[in-house]
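Inside the fold
If you want the building blocks of each chain, they are given just below.
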Amino acid sequence: TKSQAWSALFSEPMSDLVKRYTASVFFDKRLWLADITGSLAHAEMLAAQGIIAAADREAIERGMAQIRQEIESGSFEWKLDLEDVHLNIEARLTQLVGDAGKRLHTGRSRNDQVATDVRLWLRGEIDLITTLLDDLQNALVDVAEQNVDVILPGFTHLQVAQPVSFAHHLLAYVEMFARDAERLGDVRRRTNRLPLGSAALAGTTYPLDRERVARTLGMVDEQGVAQVCQNSLDAVSDRDFAIEFSAAASLIMVHISRFSEELIVWMSQNFGFIKIADRFTTGSSIMPQKKNPDVPELARGKTGRVVGHLMGLITLMKGQPLAYNKDNQEDKEPLFDTVDTLKDTLRIFAEMVGGQVNPATGAKEGGITVNAVAMEEAAKRGYATATDLADYLVKKGLPFRDAHETVAHAVKAATAHACDLSELPLAVLQGFHPSIEKDVYDCLSLQGSLHARNTLGGTAPTQVRQQLARHRARLG
Ligand code: ARG
């Protein structure tokens, strides 16, 4: 039984309920590779420091190689009685190699072991997620490149505001995801530090070389300097790196969620701006005409789940005195679910936006389909060039506030005639102000309006092409 696993001190065994309540093996077994990697680095250092014999180290390596093979092939027997991934692997090691297995835990505690495992595992996931973020950015840039001259209404308050290039609109999300990747880089830097060697909480009496272990595990900065947690109490107990990651993940999902909302709106019959491929939609069991945007809707919904995990993790930490407390075992499920949700969402969005490669042609197919005509018509319906007319009058010498008021009258008239400003005859426009001439129609066109916004970061195609080139160079 489990109480026998560590001590003769216990006078009664755990009940099945308590066993199940305290065990974590059924979810933390996912950390097995990080656990073995950490153990091997620890054993290597113990031998190099003369704390265990070289033969013990070799036996540990041999045993771990077999355990690895057993886990990968699915034959490893995970035992609830052994509580967690760490005790399961250690027990099997001892079964396989005897006393050498029992020496592995010298100068180590599960407290510094688990903190190391989670950091190692998360570091790998951060790298994967960063690649997936790149894929999504590339997909957005691909679609943007095809749509620099496609104009849709830009909105504020979801009311038509000014014409913008569809590429410009998509590149706004590229900016968000680029910052998200940058944020993950910061989180990675603070995650990639070594707790091992802190032992249970106070350090250990053995002459460990923690820097050596850090270097073996790749826990080094850009200059190759070993990154070791400098306070043993802090090292074993804080999970701020997980909380930070969770915050970064939440922001990624929030950006995905905003984008989802737009895709859903753009797909509705009242907009008709885009289509997404059928494989990302589902039908209705009653309404035969339906194609529902389930994927973006679920992404919007799953954002709540990821943000919820952030709340869970940060709340988990708040009442804990130094140093390690078992509360921290609760960090894993939210973290794992965050990583899974995020990775699936990013993968599915990259494909939904950019399509997938057709092996026959090598070209990407099945991404977003753009209805440029519907977008332009929507921009015209909403007087998106009203600001341009005001700017035109300012150039003719009117103070901006007066120009603003003059254009308001023109919009009112156009609304009464159910036409766009560009469709009002010159004589009618001149009725609002005598300085209006024939060239006014240049600024009232969607294209004219777009090209006029030629400031850095603006929507003019020249600017958008520069941004596209910058993103291409950055993403490589
Ligand atoms: N399963 C534990 C966790 O996830 C490992 C550390 C347990 N340490 C202890 N002293 N009980 O945090």
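On a predicted model such as this, the values are computed, not experimentally measured, just so you know. (Residues numbered from 1 in each chain as written. Predicted model: local features only at pLDDT ≥ 70, side-chain atom pairs only at ≥ 80, totals over all residues.)

1. Quick notes on the domain arrangement of the chain
Selection criterion: All domain edges in this entry derive from an automatic or database-based domain assignment.
Segmentation of the chain into domains returns domain 1 (3-106), domain 2 (112-365) and domain 3 (379-469). Each of domain 1 and domain 3 has a C-alpha centre, and these two points are 72 Å apart.

2. Some thoughts on helix α16 (residues 386-395)
Heads up, the condition is: Partly exposed residues are those falling between the two cut-offs: more than 12 but fewer than 20 other C-beta atoms within 10 Å of their own, whereas 20 or more means buried and 12 or fewer means exposed, with C-beta atoms placed from the backbone. Each helix is a run of H or I in the DSSP string that is no shorter than four residues. Each strand is a run of E no shorter than two, and both are numbered from the N terminus.
Looking at α16, one finds that the buried residues are A386, D388, L389, A390, Y392 and L393. Positioned one or two residues after α16, G397 has a phi angle of 110°, which is positive.

3. Quick look at the UniProt feature "domain: Argininosuccinate lyase C-terminal" (unreviewed entry) in the chain
The line we're drawing: UniProt positions are given in the numbering used here, feature names are shortened, and annotations may be inferred rather than shown by experiment.
Per the UniProt record, "domain: Argininosuccinate lyase C-terminal" (unreviewed entry) is annotated on residues 383-450. Helix makes up 65% of residues 383-450 and strand 0%, whereas the separation of the span's terminal C-alpha atoms amounts to 14 Å.

4. Some details on the nonpolar core
Looking at soluble globular proteins, one finds that nonpolar side chains tend to be buried together. The condition that has to hold: Nonpolar cores are identified as sets of buried Ala, Val, Leu, Ile, Met, Phe, Trp, Tyr and Cys residues joined via C-beta atoms within 7 Å. In this description, any two residues whose backbone-derived C-beta atoms lie within 7 Å of each other are considered to be in contact.
L136, L140, L152, L170 and L389 are the most contacted members of the largest nonpolar core, which totals 115 residues. It is helix α8 (residues 110-145) that contributes the most residues to this core, 16 residues altogether. Excluding its chain neighbours within four sequence positions, the residues that come into contact with L152 are V164, F166, H169, F273, M375, A378 and A379.

5. With respect to the site of the ligand
The cut-off we apply is this: Whether a residue is near a molecule or strand depends on its C-beta atom, placed from the backbone, lying within 6 Å of it. The residue classification treats Ala, Val, Leu, Ile, Met, Phe, Trp, Tyr, Cys and Pro as nonpolar and Asp, Glu, Lys and Arg as charged. All others, Gly included, are polar.
The local shell around the ligand consists of S24, D28, D84, R110, N111, V114, Y324, K326, N328 and Q329. A per-class count over the shell around the ligand returns two nonpolar, four polar and four charged. There are two domains that each give the shell around the ligand at least three residues, and those are domain 1 (3-106) and domain 2 (112-365).

6. Some words on the packing of α8 against helix α12 (residues 240-267)
Applicable threshold: Whenever a helix is involved, its axis is fitted only over the stretch in contact; in every case the axis is a line through C-alpha atoms, and angles between N-to-C directions fall within 0 to 180 degrees. Any angle from 65 to 115 degrees is called roughly perpendicular, while one under 35 is roughly parallel, one over 145 is roughly antiparallel, and all others are oblique. Here is the rule for handedness: rotate from the far helix to the near one, and if that takes an anticlockwise turn smaller than a right angle the crossing is left-handed, while a clockwise turn gives right-handed.
Relative to each other, α8 and α12 sit at 20°, their axes nearing to 11 Å. With respect to α12, the element α8 is oriented roughly parallel. You can see that α8 and α12 cross each other, and the crossing is left-handed. Along its contact with α8, which presents V118, R119, L122 and I126, the element α12 presents F241, A242 and F245.

7. Some words on the confidence of the model for the chain
The cut-off we apply is this: pLDDT gives the predictor's per-residue confidence on a scale running from 0 to 100.
When the pLDDT values of the chain are averaged, the result is 96; 99% of them are 70 or greater. Both scores are given for the predicted complex: the pTM is 0.95, the ipTM 0.97.

8. What about unusual backbone geometry?
Outside of glycine, negative phi angles account for most residues, and trans bonds account for most peptide bonds. Of note, the amide linkage connecting L322 to A323 takes the cis form, showing an omega dihedral of 0°. You can see A323 is positioned in the loop between α13 (294-318) and α14 (332-354). One non-glycine residue, H157, lies in positive phi territory at about 60°. Mapped onto the elements of the fold, H157 is located in the loop between β1 (151-156) and β2 (159-165). The exposure class assigned to H157 is exposed, which follows from the 6 C-beta atoms found within 10 Å.

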